[in-house]
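Next come the chains, spelled out residue by residue.
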Amino acid sequence: MSKLQTLSGAFDWRAEAIDWPVTTDVGPGLAGVVAAETRVMWLDPSSGELAYRGVPIDALASSPDFEATAHLLITGRGPEEDPGGLANFRHQVRSSRLLPPDVVDLVRSLDPATHPTRILRAGVSALGCHELSVDDDLSGSRQWRELRIVGQVASLVGEICRHRNGLGSRAPEEGCSLSEGVLAALNDRRPEPDEIRALDLLWVLYAAHGLDAPTFTSMVVASCLADPYYNIVAGLSALRGPKTGGASESVLDQLLPLDNPGAAEAWVRKAIDSGETIAGFGHRAYHMPDPRVVILRKEVAAMARSRGRSELFEIARTVESAVTRELAPKGVFINVNFYGALLFHLLGAEPPLAPCLIAVGRMAGMAALVSEALDNIRLYRPLSRYVGVGDRTP
Amino acid sequence: MIGNGPVCAEQTYGRGLAGLVVGDTAISEVDGIRGRLLYRGYPVEQLVGRTSFEEVAYLVLFGEMPDASRLADWTAELVRWRHPPEAALDALQRVPARAHPLAQYRTMMTVAACHIPEPENTELDAQWRRPARILSWTAGLAAYAIRHLQGLAPVAPRDDLGYAANFLYQTLGEPPSEEALEAFEASLVVQAEHGLHAAAFAALIVISTGADLGSAVLAGMGALSGARHGGANQLCFEMLARLEGPEHARVWALEALARGHRFPGFGHRVYKCPDPRVRSLEPYAEALLASRGQKKLWHTYLALREEVEGALGAKGIYANVDSITGLLYHPIGLPVSAFPIPFCLAIQTGWMAHCLEYLPDGRVIEPGAVYIDPE
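These numbers come from a predicted model, not from an experiment.

Since there are 3.6 residues in each turn of an α-helix, residues three or four apart along the chain are aligned in direction. Residues and elements named next belong to chain B. A maximum bend of about 30° is found in helix α14 (residues 276–291) at glutamate 282, where proline proline 283 lies one to four positions downstream. Restricting attention to buried positions, one finds in α14 the residues Pro276, Arg277, Val278, Ser280, Leu281, Tyr284, Ala285, Leu288 and Leu289. Among the residues trailing α14, glycine 293 stands out with phi positive, at a value near 70°.

We now examine the interface of chain A and chain B. Contact residues are listed per partner, giving 92 residues for chain A and 88 residues for chain B. Sort the elements by how many residues they give to the side of chain A that touches chain B and helix α5 (residues 116–131) of chain A lands first, with 9 residues. Its residues placed into classes, the side of chain A that touches chain B shows 47 nonpolar, 26 polar and 19 charged.

Residues and elements named next belong to chain A. Partitioning chain A into structural domains gives domain 1 (59–239 + 355–375) and domain 2 (247–346). Computed from C-alpha coordinates alone, the two centres of domain 1 and domain 2 are separated by 27 Å. Between domain 1 and domain 2, the contact holds 12 residues from the first and 13 residues from the second. Secondary structure elements with two or more residues in the side of domain 1 that touches domain 2: α9 (193–206) and α17 (354–375). Across the side of domain 1 that touches domain 2, the residue classes tally to 9 nonpolar, 2 polar and 1 charged.

All names here are of chain A. Looking at helix α14 (residues 291–306), one finds that the buried residues are Pro291, Arg292, Val293, Ile295, Leu296, Glu299, Val300, Met303 and Ala304. Residues of α14 that are buried in the fold lie against β6 (50–52), α1 (57–62), α9, α15 (310–327) and α16 (336–346). Directly after α14, the chain includes glycine 308, whose backbone phi takes a positive value near 65°.

Here we come to the environment of Ala256(B). You can see Ala256(B) is positioned in helix α13 (residues 246–258). Along the primary structure Ala256(B) and Val308(B) are separated by 52 residues, whereas in three dimensions their C-alpha atoms are 9.5 Å apart.

Now for unusual backbone geometry. Residues and elements named next belong to chain A. In the segment running from tryptophan 20 into proline 21, the intervening peptide bond is cis, with an omega of -5°. Structurally, proline 21 is set in the loop between β2 (14–15) and β3 (22–25). Here the phi dihedral of leucine 30 falls at roughly 65°; this positive angle occurs in a residue that is not glycine. Along the chain, the position of leucine 30 falls in the loop between β3 and β4 (34–38). A positive phi angle is found at aspartate 188, which is not glycine, with a value near 55°.

Residue and element names in this part refer to chain B. When its domains are assigned, chain B resolves into domain 1 (36–230 + 341–361) and domain 2 (232–332). On a C-alpha basis, the centroid separation for the pair domain 1 and domain 2 is 26 Å. Between domain 1 and domain 2, the residue contacts involve 18 residues of the former and 15 residues of the latter. Of all the elements in the fold, those that place two or more residues in the side of domain 1 that touches domain 2 are β4 (36–39), α1 (44–47), α9 (178–190) and α18 (340–358). The element contributing the most residues to the side of domain 1 that touches domain 2 is α9, with 8 residues. A per-class count over the side of domain 1 that touches domain 2 returns 12 nonpolar, 2 polar and 4 charged.

Another point: the packing of helix α10 (residues 198–208) of chain B against helix α11 (residues 213–225) of chain B. Residue and element names in this part refer to chain B. As a packed pair, α10 and α11 sit with axes 7 Å apart at the nearest point and diverge in direction by 150°. What the angle tells us is that α10 and α11 run roughly antiparallel. Crossing geometry of α10 relative to α11 is assigned as right-handed. Where α10 abuts α11, its residues Ala198, Ala199, Ala200, Ala202, Ala203, Val206 and Ile207 lie against Leu213, Ser215, Ala216, Val217, Ala219, Gly220, Gly222, Ala223 and Leu224. Broken down by class, the residue content of the contact of α10 with α11 amounts to 13 nonpolar, 3 polar and no charged.

Moving on to the sheet that holds β6(A). Residue and element names in this part refer to chain A. One open sheet holds the 3 strands; their spatial order is β5-β6-β7, and the pairing between them is antiparallel. Here the strands that pair on one side only, and so sit at the sheet edges, are β5 (41–43) and β7 (55–56). As defined by bridge partners, β5 adjoins β6 across 3 bridges and the pair is classed as antiparallel. Each residue of the ladder has a partner; that of tryptophan 42, found in β6, is alanine 51.

What counts as what
Residues numbered from 1 in each chain as written. Chains lettered and ligands numbered in written order. Predicted model: local features only at pLDDT ≥ 70, side-chain atom pairs only at ≥ 80, totals over all residues. Bend = angle between axes of the 7 residues up to and from the residue. Helix = DSSP H or I, 4+ residues; strand = E, 2+ residues; numbered from the N terminus. Buried ≥ 20, exposed ≤ 12 C-beta atoms within 10 Å, placed from the backbone. Contact = placed C-beta atoms within 7 Å. Nonpolar A, V, L, I, M, F, W, Y, C, P; charged D, E, K, R; others polar. Domains from an automatic or database assignment. Axes fitted to C-alpha atoms, helices over the stretch in contact; angles between N-to-C directions. Parallel < 35°, antiparallel > 145°, perpendicular 65-115°, else oblique. Left-handed = near helix turned anticlockwise from the far one by under 90°. Pairing = 2+ DSSP bridges.

The structure is reproduced here in structure tokens:
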């Protein structure tokens, strides 16, 4: 048995092995609890380091390639290490984008104004009915490993974008990358190179982030040996939550109506005074600004400048400084959703599409973490303590 | 739950968070040592036969037995939501019949969720109005799915019937007999809540993100659909149906025990003693099977239970609720593949109660993971 940490003291979230059972502090929302061992990713709350399979996030972000990152997360092998494997993987992911016509019909039968994450959930559920029959071993990790899921979700998101924008169904061009396919569907035109780069970057940064609520939901469901599509439906249910991926939508809802930096400053003051939640700030994982923010801020600045939207960046910068000035002393720091959402917006996404677009990137991390967990998982079954009324009779 | 007061104590726990106390609850007490299950202080065996599922659902969700006027309002609310969106029913035409029944049911739920007006999804106040809609929509969808599996046309709901009676009516196409209804209602009552099992935990994580109650229920359903969690009542019934009678059951059980067979419907993560839900339901199963001329099946069950508990009881393995519900659902007329459905309908009450209890100021549930350095 090992004692792992105290909430106040420093603790190394890296070990050679865990000797169960463990003793830790348990904070609200299970902060500080060790719910899994993983070789997939590493994030250090005190130094702000984030690495996938030992590769620092900065290195992955410098020439972003989502498919290569997904391959790295799931197999643990980098592009130099296994070029053949990566080529196969790209082929597999891209060719899994062809959806059954019934699934496309189901998506298109829904009101285009429905929240995209709900349509995505219905689409994934229907897809699962086509992919797996009652006689299959539903609990297997095969679907995760084969990674059809990542391509399928990307394709569904593309269809949902087109449906929302009143465009007819169109499958992604054969052989184009996942990001090219989704951008083409979103804007109904061939994407620019800097757009492809930006979406790859977003997906790389959003791919995995420890046991955040959507991933942990999926792991708990997987631990009951549910089928992978049920895991994703459950994970997407959490991802939409306004306190997780859904915050990206709220960021845009809050920022886009602001006309200039002055108005932004005034809005922040008012929001803080009235105790309103400011989306894009606050996170559990780090005791400092999220390392992904620096990367995204630079990218948003460049994209805004080249699109003649520098004012939007200035407004965002103003909000960031004003909120940081007020809340950083209280330990509330900017998180990935703030500039992440803005970048999705600059790529042409309306606010409700942001959580859906995040979901594509997140599938890679979920596939990696869930399939890893399936190998040595035990049913998640914690306890609660009864504090209610004593015996009574009807 | 953990939202209602800080829990910062040091705790010791194992893999799968075994032994970790996530927080406090006032919903149910599951005592695995003494074999007791209490909803809001009421022992379940005292609720069985005295209270309807509607009353128990209200008790579990809101903390008190409803008085006459509250019960009338709650019942009216449940009746009001008996018509799930047509589109959710139509969705079944777009999925292959060979898909798992729970995957088909899931697809109907996800499509139904697309028809809930958007602002309701994230407003806290709205969450409190949602349980009735979820309980009634899911019952209607499940009844439709079960008929669809059998190639039968849907049956419209009847407003004059209670929750349990209407579900059976919509599933079987005719109102249930009095004894079938009593037995079915009892099975819903004892399965309405069972602490923080894996499915309830999954629902709790989803609600902690600020998502809506329907999304939380979907996650719970996902957990329940897994082979480790739900579906054991179907497997247990199939085992019993294969046995030719009590004598065969004893011979087979001894032989199976000798080779270390794991019996579906026996053994429980919490109860290391007889499951209180089994004792409550047995009289209904016995009476129902007797009235249908299937006494032999009842004695087969008894013989198997005696042999298995006789051999394994000392190790804490006893018949659990999944051993008995099939013996109610079969004489009532439900197809075997539909046996897991009533459990889903009942237990979601408990998940929603846990979610509502967690909501007021619960933090997002995000534990940590230790990185195992491959170097």
